[in-house]
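If you want the building blocks of each chain, they are given just below.
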Amino acid sequence: MNGFRESEDRAGLLRRGRVRRRRQPHGGSALALPLRPRKIRRYRRSVASRMATVRARALPSEDSQGSKVESAADDPGDALPGDAAAGGREPHGHRGPEERREASVAERSAETLAARLRLAEVAAGLRVTPAGRELPGDSPLRQVLAELNRIPSSRRRAARLFEWLIAPMPPDHFYRCLWEREAVLVRRQDPSYYEGLFCTADLDAMLRHEDVHFGQHLDAARYVCGRRETLNPPGRALPAAAWSLYRAGCSLRLLCPQAFSSSVWQFLAVLQEQFGSMAGSNVYLTPPNSQGFAPHYDDIEAFVLQLEGRKLWRVYRPRDPTEELALTSSPNFSQEDLGEPVLQTVLEPGDLLYFPRGFIHQAECQDGMHSLHLTLSTYQRNTWGDFLEAVVPLAVQAAIEENVEFRRGLPRDFMDYMGAQHSDSKDPRRTAFMEKVRVLVARLGHFAPVDAVADQRAKDFIHDSLPPVLSDREKALSVHGLPIRWEAGEPVNVGAQLTTETEVHMLQDGIARLVGEGGRLFLYYTVENSRVYHLEEPKCLEIYPQQADAMELLLRSYPEFVRVGDLPCDSVEDQLSLATMLYDKGLLLTKVPLTQN
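None of these values were measured; they are calculated from a predicted model. (Residues numbered from 1 in each chain as written. Predicted model: local features only at pLDDT ≥ 70, side-chain atom pairs only at ≥ 80, totals over all residues. Heavy atoms only, no water.)

A few points about the overall build of the chain
- For the chain, the count of helices and strands is 15 helices and 20 strands.
- Scored against the burial criterion, the 597 residues of the chain give a buried share of 49%.
- In the form shown here, the chain has an accessible surface area of approximately 28,200 Å², with 52% of it arising from carbon and sulfur atoms. (Helix = DSSP H or I, 4+ residues; strand = E, 2+ residues; numbered from the N terminus. Buried < 20%, exposed > 50% of the residue type's maximum accessible area, 1.4 Å probe, protein only. Areas by Shrake-Rupley, 256 points an atom, 1.4 Å probe, with all protein chains shown as cover.)

What to know about the sheet that holds strand S12 (residues 371-378)
- Strand order in this open sheet of nine strands is S1-S2-S10-S7-S12-S6-S5-S3-S4, and the pairing throughout is antiparallel. Two strands in the sheet have a free side with no partner beyond their single neighbour: strand S1 (68-71) and strand S4 (227-230). Averaged over all neighbouring strand pairs, the angle between strand axes comes to 20°, with direction disregarded.
- Note: strand S7 (residues 301-309) against strand S10 (residues 352-355), four bridges, orientation antiparallel. What sits directly across from Ala 302, in S10, is Phe 355.
- Sheet strands touched by helix H5 (residues 154-166): strand S2 (184-187), S7, S10 and S12. Its angle to S7, the strand with the most contacts, is close to 60°. (Pairing = 2+ DSSP bridges. Axes fitted to C-alpha atoms, helices over the stretch in contact; angles between N-to-C directions. Contact = heavy atoms within 4.5 Å.)

What about the environment of Gly 495?
- As for its position among the elements, Gly 495 is in the loop between strand S14 (490-492) and strand S15 (503-506).
- Taking C-alpha positions, Gly 495 is 9.5 Å from Leu 594, a pair spaced 99 residues apart along the chain.

Describing a nonpolar patch on the surface
- On the surface, a cluster of nonpolar side chains totalling about 280 Å² of accessible area is made up of Leu 388, Val 392, Val 396 and Ile 400.
- With respect to the helices, strands and loops of the structure, Val 392 is situated in helix H10 (residues 384-402). (Patch = residues over 30% accessible without salt bridge, like charges linked within 9 Å, V, L, I, M, F, W, Y side chains within 5 Å. Salt bridge = Lys/Arg side-chain N within 4 Å of Asp/Glu carboxyl O.)

Regarding the pairing of strand S5 (residues 251-255)
- Most of S5 is tucked away: five of the five residues are buried.
- Where burial is concerned, the two faces of S5 agree: the one with Ser 251, Arg 253 and Leu 255 and the one with Leu 252 and Leu 254 are both buried.
- Two strands pair when backbone bridges link them, and strand S3 (residues 218-224) and S5 are joined in this way by four bridges, in the antiparallel orientation. By the bridge assignment for S5, Asp 219 is matched with Arg 253.

Comments concerning the side chain of Gln 272
- Within the fold, Gln 272 resides in helix H9 (residues 262-275).
- We classify Gln 272 as buried; its relative accessible area is 7%.
- A polar contact of 3.0 Å, which involves the side chain of Gln 272, links it to the backbone nitrogen of Leu 466.
- Apart from residues lying up to four places away in sequence, Gln 272 is in contact with Ser 277, Ala 279, Phe 461, Ser 465 and Leu 466. (Polar contact = N/O pair within 3.5 Å; in protein donor to acceptor, adjacent residues only side chain to side chain.)

As for the pattern of salt bridges
- For the structure shown, the criterion picks out 31 salt bridges.
- Residue Lys 436 is joined to Glu 405 by a salt bridge in which the shortest nitrogen-to-oxygen separation is 3.1 Å. Here the residue Lys 436 occupies a position in helix H11 (residues 428-447), and Glu 405 occupies one in the loop between H10 and H11, the gap between them amounting to 31 residues.
- By relative accessible area, which is 39% here, Lys 436 ends up partly exposed.
- Three or more residues joined by partner-sharing salt bridges are found here, namely Glu 147, Arg 160 and Glu 163.

Considerations on the environment of Pro 295
- Turning to its location among the elements, Pro 295 is positioned in the loop between strand S6 (280-286) and S7.
- Look at Pro 295 and you get buried, because its relative accessible area is 0%.
- For the pair Pro 295 and Ser 330, spaced 35 residues apart in sequence, the C-alpha separation works out to 9.2 Å.

Brief notes about the packing of aromatic side chains
- Tallying each qualifying case throughout the model produces 25 aromatic pairs.
- Ring plane angle 85° and centroid distance 5.1 Å describe the contact between Trp 179 and Tyr 379, whose orientation is recorded as edge-to-face. Residue Trp 179 is located in the loop between helix H6 (171-178) and S2, and its partner Tyr 379 is located in the loop between S12 and H10; the two are separated by 200 residues in the primary sequence. Here Trp 179 matches Tyr 379 in class, with each residue buried. (Phe/Tyr/Trp six-rings, centres within 6.5 Å; stacked < 30°, edge-to-face > 60°.)

Some words on the confidence of the model for the chain
- Put simply, the chain has an average pLDDT of 85, and 78% of its residues get 70 or more.
- Every residue in residues 54-64 scores below 50 in pLDDT, and together they form 25 contacts with partners more than four places removed in sequence or on other chains.
- Below a pLDDT of 50 lies the segment residues 75-108, which in the model reaches 35 contacts outside its immediate sequence neighbourhood of four places, other chains included. (pLDDT = per-residue confidence, 0-100.)

Concerning H6
- All buried positions along H6 are accounted for by Pro 171, Phe 174 and Leu 178. Viewed end-on, H6 has its buried residues packed into an arc of 90°, placing them on one side of the element.
- Looking at the buried residues of H6, the elements they touch are S1, H5, S2, S7 and S10.
- Glu 180 sits one or two positions beyond H6 and adopts a positive phi of about 65°. (Arc of directions from axis to C-beta.)

Re the packing of H10 against helix H12 (residues 450-464)
- Interaxial distance between H10 and H12 falls to 10 Å at its minimum, and their mutual angle equals 135°. Taken together, the axes of H10 and H12 lie oblique to each other. Note on packing geometry: the crossing formed by H10 with H12 is right-handed. Residue-level contacts link Asp 386, Phe 387, Ala 390, Val 391 and Leu 394 of H10 to Val 450, Val 453, Ala 454 and Arg 457 of H12.
- Here the contact of H10 with H12 is composed, by residue class, of seven nonpolar, no polar and two charged. (Parallel < 35°, antiparallel > 145°, perpendicular 65-115°, else oblique. Left-handed = near helix turned anticlockwise from the far one by under 90°. Nonpolar A, V, L, I, M, F, W, Y, C, P; charged D, E, K, R; others polar.)

Following this line, the structure appears as structure tokens:
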């Protein structure tokens, strides 16, 4: 499937799906410090002007029937029309001297780039699934992935894949009217829509060839007579044990399929940039005439992709306001705990079901047919409350240090009129005390380190993220495309270097974040992450003060190219050392392939 290479990372697996974890507020020492020393702000105005110049010179670049959409707020018969997305190249117009010079350089490098793209296409791992099944030529999934491979901007790739996922519903309508609000059903009448993403043959191959363990990677569960049972034996999930449990009526839940399946990894790695939050998944295989799990709600936004068979779903609204957009998953409910479902439907291959956090759901197989579905999950603990949970303690700390009003003593007699036993008191001293609290709380906003906390959450997202999937173009124009190899007893094709004339931009949009910590600057990045959740420690590079504005320009100017010699550094040496460090780490790509000096 055109250029998304299968990773060879088959390392040991931890859960990287719907992780039940709670973010803890970060310590105050790092966040309370300024993000930048004063001396590295001198280029801020020039950075903005340089970005405007880069954008002014940028050239335009290139960027589905029978579907029906229903939501819990609509009549069942309401449907939204399909929405085709297409893009073409606009004419570049007349070229000036600078454009003619750039075109000449590009033409001289065209053959090199074409050769690298051909090599990348041959090596690409998305033409077959991990189980070796060649995808049909008319697979909608293959078509959209081939389209993504031709889109140069990772941001636009993420938007296009999400548009395909919820088609024919327009994404702006979904986010404006349905996201976090309503359950939504997209009925496509196209069994091939997700073909190549995951199938039961892939699961069987994993049981045979991968180190899959019960409890860690695979759960066997059933729901019988109102009771949920988990029947995980100890040790490795060999095919004999797993399929025997399936025949005994157990659903098999594969946790973190993206660690084993390249197609699932590629799917999630693109979408995580759309959500700005970790995207995980589980796969559920349910035998005929059975139910694997009790009614419950989750703490994630859920997209259910029906891959095989049929399954009856019942979805219920939160029972009271405290369960709306739940921050933690619920215990198991009995049928008596439930009201009437807001949505009841049988999902068939190609269908999509979405429901928000806190929506109770249950599903069962009927009619002698099994079911396989994948649940894409995102937005776990990604709320305003979680953000403020980190901001407020730091704001109080800063306010105490900087404003004497927060250091003044409490009234000597405040216990005489405050507290639960005085909650009904009309004492005017109580009224004055409450007003003082409101005034001080309102002042906290002035001391809130909002940007610092945002950076720390972005750093956490970088660590949570899957490693990026590269297009053919990104592989050919980055360090991954250099033709260096071992031949005839020595390395050959060595010596390609960046110069001040080299034009570069970041490899992708969401792969790095500049964060201030302890008076120093660090660039955290995703390119060395594992497909296994938090298997590796966070990866970062230290950025020196004299290179900070140049790093900021590179991060903000994507996907437009910047000439290395135009990076706002004190010296050519600083320009080249920063660009070379980023290129060697796989964080930059060049406008044309590097050649040997």
